[in-house]
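Inside the fold
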Amino acid sequence: MTDAVVISGVDKTFETKGGLVHALEAIELTVSEGEFVSLIGPSGCGKSTLMRLIADLDQPTTGTVQVFGRSAREARIAQDYGIAFQQAGLLPWRTVAENIELPLSLHGVGKAAREARVNELVGLVGLSDFADRYPDQLSGGMQQRVAIARSLAEKPRLLLMDEPFGALDEMTREHMQSELGRICAETGAAVVFVTHSIPEAVFLSDRVVVMSPRPGRVQQIVPMQLAATSDRHDDMREEAVFFEMITAVREALHQGSPSMVRGVENR
Ligand SMILES: Nc1ncnc2c1ncn2[C@@H]1O[C@H](COP(=O)(O)OP(=O)(O)OP(=O)(O)O)[C@@H](O)[C@H]1O
Ligand SMILES: [Mg+2]
């Protein structure tokens, strides 16, 4: 089995007018095939930067990133993964259905198969009645759901998700968490997931990577001692072991200075 993502010795420094910004330091992280890994850490610790390196939207200053055994660049060209990032990134001149359909049309999927898949996906994200609307006619949370549906269109082996549920209300958010868990179990996709919510990370993950404040380092990796991710249900949110895992992640976050927990939600 090839690992989904292997990050070795990665440093990232940005040159800015105000001088060098050391965003990431000595990052080592391997995500196995089918594994769900969350990144959590204070605002500005380099989570989005790390995701951008995996997606080859930027390059490390030193070190290497491999996706399914290829360089990040080769993986991007081969489109080995689906992406849903902080901003929805929808095309404003295309309807909801046309946005979701885009990766499928780019890969030459036939019309009937595209329509069937789009129908399934708009249903999944609760937007069946909005398929013909344009993004500017939707709320921020609805736009995010379109982006999530689009990232799932091709059933990718790897999903890169940077705070994909940030703009959703709590009810929708929990629903999408359960759905994402179910989709991953069904498709066997590996996921790298950024969140500021400890319970969200716990509910979804096999392992939670706790990052330090800038320069971002892997401070601790907390394995979730819970049922297999394919076997998690909403009831788990009320179980003692769920709260134990929340405490374990929170304590890992607190290991630095008290200011470490800024920008991390405990809800
Ligand atoms: N293109 C860039 N040029 C200069 N500095 C950058 C650039 N991108 C990110 N940074 C800096 O790198 C650091 C890490 O940013 P990043 O967006 O990765 O943080 P984050 O952990 O995703 O934060 P948040 O939780 O707020 O989304 C920040 O100090 C940011 O200002
Ligand atoms: Mg970010």
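Since the structure is predicted, the reported quantities are computational estimates derived from the model, not experimental observations. (Residues numbered from 1 in each chain as written. Chains lettered and ligands numbered in written order. Predicted model: local features only at pLDDT ≥ 70, side-chain atom pairs only at ≥ 80, totals over all residues.)

1. Things to note about the site of ligand 1
The immediate surroundings of ligand 1 are formed by 13 residues, with Phe14, Ser43, Lys47, Ser48 and Thr49 found nearest. Of the residues forming the shell around ligand 1, the biggest block, three residues, is contributed by helix α1 (residues 47-54). (Near = placed C-beta within 6 Å. Helix = DSSP H or I, 4+ residues; strand = E, 2+ residues; numbered from the N terminus.)

2. Topic: the UniProt feature "domain: ABC transporter" (unreviewed entry) in the protein
The UniProt entry lists residues 5-238 under the feature "domain: ABC transporter" (unreviewed entry), expressed in the numbering used here. Within the segment residues 5-238, helix and strand shares are 33% and 27% respectively, and the terminal C-alpha atoms sit 32 Å apart. (UniProt positions renumbered as here; feature names shortened; annotations may be inferred.)

3. Quick notes on the sheet that holds strand β9 (residues 207-211)
If you trace the six strands from one edge of the open sheet to the other, you get β6-β7-β8-β3-β9-β10, paired in mixed fashion. The open sheet is flanked by β6 (81-84) and β10 (218-223), the only strands paired with a single partner. Mean inter-strand twist for the sheet, computed between neighbouring axes without regard to direction, equals 15°. By the bridge criterion, four bridges tie strand β3 (residues 36-40) to strand β8 (residues 190-194) in an arrangement that is parallel. If you follow serine 38 over to β8, its bridge partner there is phenylalanine 193. Across the face of the sheet, helix α8 (residues 240-254) comes into contact with β3, β9 and β10 while running at roughly 170° to β10. (Pairing = 2+ DSSP bridges. Axes fitted to C-alpha atoms, helices over the stretch in contact; angles between N-to-C directions. Contact = placed C-beta atoms within 7 Å.)

4. Describing the environment of methionine 161
Topologically, methionine 161 is positioned in strand β7 (residues 158-162). Residues methionine 161 and phenylalanine 130, spaced 31 residues apart in sequence, show a C-alpha to C-alpha distance of 23 Å. Apart from the residues lying within four places of it in its own chain, the contact partners of methionine 161 are Ala84, Val191, Phe193 and Val194.

5. Regarding the pairing of β6
Here β6 shows no split at all, with Tyr81 and Ile83 on one side and Gly82 and Ala84 on the other all buried. Of the pairings in the sheet, the one linking β6 to β7 comprises four bridges and is parallel in character. Considered in β7, the bridge of tyrosine 81 is made with leucine 158. (Buried ≥ 20, exposed ≤ 12 C-beta atoms within 10 Å, placed from the backbone.)

6. Some thoughts on the sheet that holds strand β1 (residues 5-16)
Read across the sheet, four strands follow the order β2-β1-β4-β5 without closing on themselves; strand pairing throughout is antiparallel. The open sheet has two free edges, formed respectively by β2 (19-31) and β5 (70-71), since each of these has just one partner strand. As paired strands, β1 and strand β4 (residues 62-67) are joined by five bridges and run antiparallel to one another. Bridged to valine 6 within β4 is glutamine 66.

7. Points about α8
A rise of 1.5 Å per residue sets the reference length of α8, with its 15 residues, at 21 Å; its end C-alpha atoms lie 21 Å apart and thus fit the reference within 8%. Turning to α8, its buried residues number three or more, namely Met245, Val249, Ala252 and Leu253. Axial view of α8: buried residues confined to an arc of 105°, hence all on one face. Exposed residues lying more than 90 degrees from the buried face of α8 are Ala240, Glu244, Thr247 and Glu251. Against the buried residues of α8 lie β3, α7 (198-204), β9 and β10. (Expected span 1.5 Å × (residues − 1). Arc of directions from axis to C-beta.)

8. Overview of the packing of helix α3 (residues 96-106) against helix α5 (residues 140-152)
At a minimum axis distance of 7 Å, the contact between α3 and α5 shows a crossing angle of 30°. Considering their axes alone, α3 and α5 lie roughly parallel with respect to each other. Note that α3 runs across α5; the crossing there is right-handed. Each of Val96, Asn99, Ile100, Leu102 and Pro103 in α3 lies in contact with α5, whose residues at this interface are Val146, Ala149 and Arg150. Classifying every residue of the contact of α3 with α5 by side-chain character gives six nonpolar, one polar and one charged. (Parallel < 35°, antiparallel > 145°, perpendicular 65-115°, else oblique. Left-handed = near helix turned anticlockwise from the far one by under 90°. Nonpolar A, V, L, I, M, F, W, Y, C, P; charged D, E, K, R; others polar.)

9. Looking at the domain arrangement of the protein
On domain assignment, one finds that the protein holds domain 1 (5-80 + 156-261) and domain 2 (90-155). Relative to domain 2, the C-alpha centre of domain 1 lies at a distance of 25 Å. Taken together, the contact pairs eleven residues of domain 1 with nine residues of domain 2. If you tally residues by element for the side of domain 1 that touches domain 2, the top one is helix α6 (residues 170-187), at five residues. Taken together, the residues of the side of domain 1 that touches domain 2 sort by class into seven nonpolar, two polar and two charged. (Domains from an automatic or database assignment.)

10. Describing the environment of phenylalanine 193
As for its position among the elements, phenylalanine 193 is in strand β8. When the C-alpha atoms of phenylalanine 193 and histidine 22 are compared, they prove to be 22 Å apart, with 171 residues separating the residues in sequence. Contact partners of phenylalanine 193, with chain neighbours within four places excluded, come to Phe36, Ser38, Met161 and Leu204.

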